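# Commentary on secondary and tertiary structure
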Amino acid sequence: MKLILTSCLLVLVACSSKAPEPKAVIDPMQKLSATSGLSLDQLKNGVGPITSVILSEIDPKLVKTGEAAFNAKCVACHKLDGRYVGPALRYVVDRREPVYVMNMILNPTEMLAKHPLDKEMLKKYLTQMTFQNVTQEETRALLEYFRQAAADGKNAAIADTETYPSLESLVK
């Protein structure tokens, strides 16, 4: 009888103990979102007025307008190739989403204050990008110019010699 009672008692104790709860797997991007205070969409697309952009074939008219805007408002700090005051911009559309690029142009102060990628860029370049009084239309034309510059660079095998932070590098 004692053996039966002891066996029952052992079964009850074994069955009543809680199994360890599995550790929650935290997505690194969710963690970056939580620590930065930005949504996943803002991490990808930046902070600013642009939420989407529809891209199709490169528009030569927009490229020309964008090139004029680049030469008037951007060349004091940027070149297409090689580091200057700011980063080289030939392949900016390859390393950042188009919406992100447009939001950085239109909203650099808030982007630099809030976005972890831009905080890293500020550490690297030590100069804060300022708003150049561009319209959304000019910004779209600049994006088109960068798309054409990237295509031209690939065709001419122009290498991007700089390294840039990425969201993936921030979550490692």
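See the structure above.
Conventions and cut-offs
- Residues numbered from 1 in each chain as written.
- Predicted model: local features only at pLDDT ≥ 70, side-chain atom pairs only at ≥ 80, totals over all residues.
- Heavy atoms only, no water.
- Helix = DSSP H or I, 4+ residues; strand = E, 2+ residues; numbered from the N terminus.
- Polar contact = N/O pair within 3.5 Å; in protein donor to acceptor, adjacent residues only side chain to side chain.
- Contact = heavy atoms within 4.5 Å.
- Axes fitted to C-alpha atoms, helices over the stretch in contact; angles between N-to-C directions.
- Parallel < 35°, antiparallel > 145°, perpendicular 65-115°, else oblique.
- Left-handed = near helix turned anticlockwise from the far one by under 90°.
- Nonpolar A, V, L, I, M, F, W, Y, C, P; charged D, E, K, R; others polar.
- Salt bridge = Lys/Arg side-chain N within 4 Å of Asp/Glu carboxyl O.
- Buried < 20%, exposed > 50% of the residue type's maximum accessible area, 1.4 Å probe, protein only.
- Phe/Tyr/Trp six-rings, centres within 6.5 Å; stacked < 30°, edge-to-face > 60°.
- Lys NZ or Arg CZ within 6 Å of the ring centre and 35° of its normal.

## Thoughts on the side chain of Arg90
Secondary-structure assignment places Arg90 in the loop between α4 (60–73) and α5 (92–95). A polar side-chain atom of Arg90 sits 2.8 Å from the main-chain carbonyl oxygen of Ala149. Residues contacting Arg90, with those up to four places away along its chain left out, are Leu80, Asp81, Phe146, Ala149, Ala150, Asp152, Gly153 and Ile158.

## Some details on the packing of helix α6 (residues 98–106) against helix α9 (residues 136–155)
Where α6 contacts α9, the axes come no closer than 10 Å and their chain directions differ by 130°. Taken together, the axis directions place α6 and α9 in an arrangement best described as oblique. Where α6 crosses over α9, the two elements pack in a sense that is right-handed. The residues of α9 that touch α6, namely those facing Pro98, Val101, Met102, Ile105 and Leu106, are Gln136, Thr139, Arg140, Leu142, Leu143 and Phe146. When grouped by side-chain class, the residues that make up the contact of α6 with α9 number eight nonpolar, two polar and one charged.

## Observations concerning the pattern of salt bridges
If you walk through the whole model with that rule in mind, you get nine salt bridges. For Glu138, the salt bridge is made with Lys73, and the minimal N-O distance between the two is 3.6 Å. One end of the pair, Glu138, is in helix α9; the other, Lys73, is in helix α4, with 65 residues separating them in the sequence. Residue Lys73 is classed as partly exposed on the basis of its relative accessible area of 24%. Across the salt bridge formed by Arg95 and Asp160, the nearest N and O atoms sit 3.2 Å from each other. Taken together, the residues Arg95 in helix α5 and Asp160 in the loop between α9 and α10 (167–170) connect sequence positions 65 residues apart. Three or more residues are tied together by salt bridges with common partners; here these are Arg140, Glu144 and Arg147.

## Brief notes about the packing of aromatic side chains
Scanning the model with the defined rule gives three aromatic pairs in all. Ring geometry for Phe70 and Phe146: centres 6.0 Å apart, planes at 90°, overall edge-to-face. Of the two residues, Phe70 is situated in helix α4 and Phe146 in helix α9; the sequence distance between them amounts to 76 residues. Exposure class is identical for Phe70 and Phe146. Each is buried. Here the aromatic residues Phe70, Tyr145 and Phe146 are joined through ring pairs into a cluster of three or more. Note that Arg95 overlies the ring of Tyr164, its terminal NZ or CZ placed 3.6 Å from the centroid.

## What to know about unusual backbone geometry
What you tend to see is this: most non-glycine residues have negative phi, and most peptide bonds are trans. Look at Leu126: it is not a glycine, yet its phi comes out positive at around 60°. Inspection of the secondary structure puts Leu126 in the loop between α8 (116–125) and α9. On the basis of relative accessible area, Leu126 is assigned to the exposed category, the value being 70%.

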